[in-house]
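Here's the letter readout for the chains.
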Amino acid sequence: MTPMRRSQNWLPYVFNDLFDNDWMIKANSTAPAINVIESDKDYRVEVAAPGMTKNDFNIKIDENNNLVVSMEKKEEKILNGEDAFRLYDTYGFPLDLTKEILEEKGLCVDEDGFKASMEVQRKKARDAREVTNYMGADVTVYESIDPNVTSEFVGYEHLTWESDVTVLTTETEIADALSEGEHGTVFVQETPFYATSGGQEADTGYIRTAEGEFKVEDTVKLLGGKVGHVGVMTKGMIRSGDKVVLEVDAKKRALSARNHSATHLLQKALRTVLGSHVEQAGSSVNEDRLRFDFTHFSAMTEDEITQVEKLVNESIAKAYDVDIKNMPIEEAKKTGAQALFGEKYGDIVRVVNMGDYSIEFCGGTHVNNTSEIMALKIVSETGVAAGVRRIEALTSEGLMKYYAQTEEKLKNAAALLKATPDNLSDKIHHMIAENKTLHSEVESLKSKIAQSAAGDVLDQVKEVKGIKLLAAQIEGVDMNGLRELGDQLKEKLGDGVVVLASGSDGKVSLMATATDGAMKKGAHAGNLVKAIAGCVGGGGGGR
């Protein structure tokens, strides 16, 4: 099979949502549903899926809804920027690949319109965050800070650092000092605290002076290169201009770094197992767990999840050194480093290289060696949007806690069944078999009871309009018993209608059944039950 280019990998599904079609081709890594056959002049796509036929490049859903056909019918040469952005926003589908696909048909994209739609989306995101300070006060609390005030991050190399306080704010205004019990934000010249960014949650810790202690509950990145340490004074006082010692919670940072590094290995494994169309569509990392969103067109199979886990854990076990360098972006691109599409990068980028296995642009904090991650376990894989999947996973201490909790649940379940975790499975199989046997015995007894209660009811057969009718009241028989007894009596009756009623706990169960011959003569079991049910205050059906 001819290897697919990146754009071709997307063809099975990426245009699906644009015109609200339900059509989708699904593929997997071991048996691709798409076979691309390419020549010097053209190429075609063969769909190897049940019920599918061979389609040309246009992937014709139907003539009216096909993207390219629709443009050609309208004699349009330019794809609307809003539609191009929708492909990107919904699927994470890169603009350059959209351009590549359309250019091969002599079409192009309204790039200005794409950029305009992206800016609208960014504005919506900003508005949704209700641009305020991070304690709920008006945004002008931070805006009123001198623009020349900046903060330098020194936290890649240090978790404890001494610096000078440049600005203090309360929840409502810039302040000269913060006293015990007051909530506020501390700004310093240099900080080891990592602010929430790139999906990694912020550092927490303490800022101390000789007189006071400030608990950092969040660290935020603000415009103009400022980093705010948001929290509360736990004792004493801090004044603007004070020399302070900033101390990051080292354990939290280390655990977050393990989970962040694990997302890099996870993305590499996903691209290996599912295909190179996989792109990061979002992430969230803290000390407890990691969440990774990625572009893919179907739920992962158990086998795919197992393969991904295996690759990640193999990379952890190989103890790759993590090499981090700042380099010119053009030089970084030559390394094959994975960049987040749509992200803006400066002239100098930070490249995180894990043993040449995973190479990505990243500004987050990471382990020194992949062995520090210990292990990774995927605990869930779900869909979050059209063409976007989400994995939640655990590593190191979070994973150990998960295993401990799972083990405790297993012990409790075993204790309820008077078993041990080792023989719990055998115990459950034995109970299922025993329950099945007992159920059969109960049903047999019910049948015998029903037959005994019925007695010789065949003596009660009457003929109504040329149709044999057996109507009888049977005490103490449930609906299942009535149905089974009805079938037996119908067989003995030969041809006719059987109507049975049974009362139990103030409730009446009705059952009616008619043979084919009786139905041809006009008998209707359902109507019979409804008529009788009306007399006893109910409704019903029959057969």
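Up top is the structure these notes are about.
Model, not experiment: these values are computed from the prediction. Along each chain, numbering runs from 1 in the same order as the chain's sequence is written. Under the rules for a predicted model, residues below a pLDDT of 70 receive no local features and side-chain atom pairs below 80 are neither given nor counted, while totals for whole chains, interfaces and linings still include all residues. Excluded from the side-chain calculations are hydrogens and water; all other atoms, namely the structure's heavy atoms, are used.

Undergrad: What's the story with the overall build of the protein in this structure? I'm lost.
TA: For helices the rule is a DSSP run of H or I covering at least 4 residues; for strands it is a run of E covering at least 2, with both sets numbered from the N terminus onward. The helix and strand inventory of the protein stands at 14 helices and 26 strands. Within the protein, the proportion of its 543 residues that are buried is 42%. Per-residue and other accessible areas were derived by the Shrake-Rupley procedure at a 1.4 Å probe size, with only the shown protein chains allowed to occlude residues. Within the structure as shown, the protein displays about 28,900 Å² of accessible surface, and the carbon and sulfur contribution to it stands at 49%. Each residue is assigned to one of three classes by its accessible area relative to the maximum for its type, calculated with a 1.4 Å probe on protein chains only: buried under 20%, partly exposed between the two thresholds, exposed over 50%.

Undergrad: Is there a simple way to explain the nonpolar core in this structure?
TA: Soluble globular proteins tend to pack their nonpolar side chains together in the buried interior. Joining through side-chain atoms within 4.5 Å is the link that ties buried Ala, Val, Leu, Ile, Met, Phe, Trp, Tyr and Cys residues into a set, and such a set is a nonpolar core. With 29 residues, the main nonpolar core has Leu-266, Leu-270 and Val-308 as its most contacted residues. Among the secondary structure elements, those contributing two or more residues to this core are helix H7 (250–274), strand S17 (290–295), helix H8 (302–317), strand S19 (348–354), strand S21 (376–385) and strand S22 (388–395). For this core, the leading source of residues is H7, giving seven residues. Whether two residues are in contact is decided by their heavy atoms, any of which lying within 4.5 Å being enough. Leave out the neighbours within four places in its chain, and Val-308 touches Leu-266, Ala-269, Leu-270, Val-273, Met-300 and Ile-378. Listed in part, the 14 residues of the second largest apolar core include Val-186, Ile-238, Val-244 and Leu-246.

Undergrad: I would appreciate a short explanation of the pattern of salt bridges in the present structure.
TA: Pairing between side chains of opposite charge can happen when the charged atoms of each approach one another. Salt bridges are defined by distance alone: a side-chain nitrogen of Lys or Arg within 4 Å of a carboxyl oxygen of Asp or Glu. Inspection of the entire model under this criterion finds 15 salt bridges. One salt bridge connects Asp-164 with Lys-243, and the closest N-O pair in it is separated by 3.0 Å. With Asp-164 in strand S6 (residues 160–169) and Lys-243 in strand S15 (residues 243–248), this residue pair connects regions lying 79 residues apart in the sequence. Since its relative accessible area comes to 24%, Asp-164 is described here as partly exposed.

Undergrad: Quick question: what am I supposed to make of the sheet that holds strand S18 (residues 322–328) here?
TA: Neighbouring strands of a sheet are bound in pairs by backbone hydrogen bonds; such pairs are parallel or else antiparallel. Two strands are counted as paired when DSSP detects at least two bridges linking them. In space, the three strands of this open sheet follow the order S18-S19-S20, with antiparallel pairing throughout. The open sheet terminates on both sides in strands that have one partner only, identified here as S18 and strand S20 (358–361). Averaged over all pairs of adjacent strands, the angle between their axes in this sheet comes to 20°, without regard to strand direction. In this sheet, S19 lies alongside S18 in antiparallel orientation, the contact comprising seven bridges. The convention used is that axes are lines fitted to C-alpha atoms, helices contributing only their stretch in contact, and that angles between N-to-C directions extend from 0 to 180 degrees.

Undergrad: Looking at this model, I keep getting lost on the environment of Ala-386. Mind explaining?
TA: Positionally, Ala-386 belongs in the loop between S21 and S22. Looking at Ala-386, the relative accessible area reads 36%, which means it is partly exposed. With 88 residues separating them in the primary sequence, Ala-386 and Ser-298 have C-alpha atoms 9.3 Å apart.

Undergrad: How should a nonpolar patch on the surface be read in this particular structure?
TA: Patch members must show over 30% relative accessible area and no salt bridge, and they are joined within 9 Å when carrying like charges or within 5 Å when they are nonpolar side chains of Val, Leu, Ile, Met, Phe, Trp or Tyr. Among the surface-exposed residues, Met-374, Met-400 and Tyr-403 lie close enough to one another that they form a single nonpolar patch of about 300 Å² accessible area. The class for Tyr-403 is partly exposed, based on a relative accessible area of 40%.

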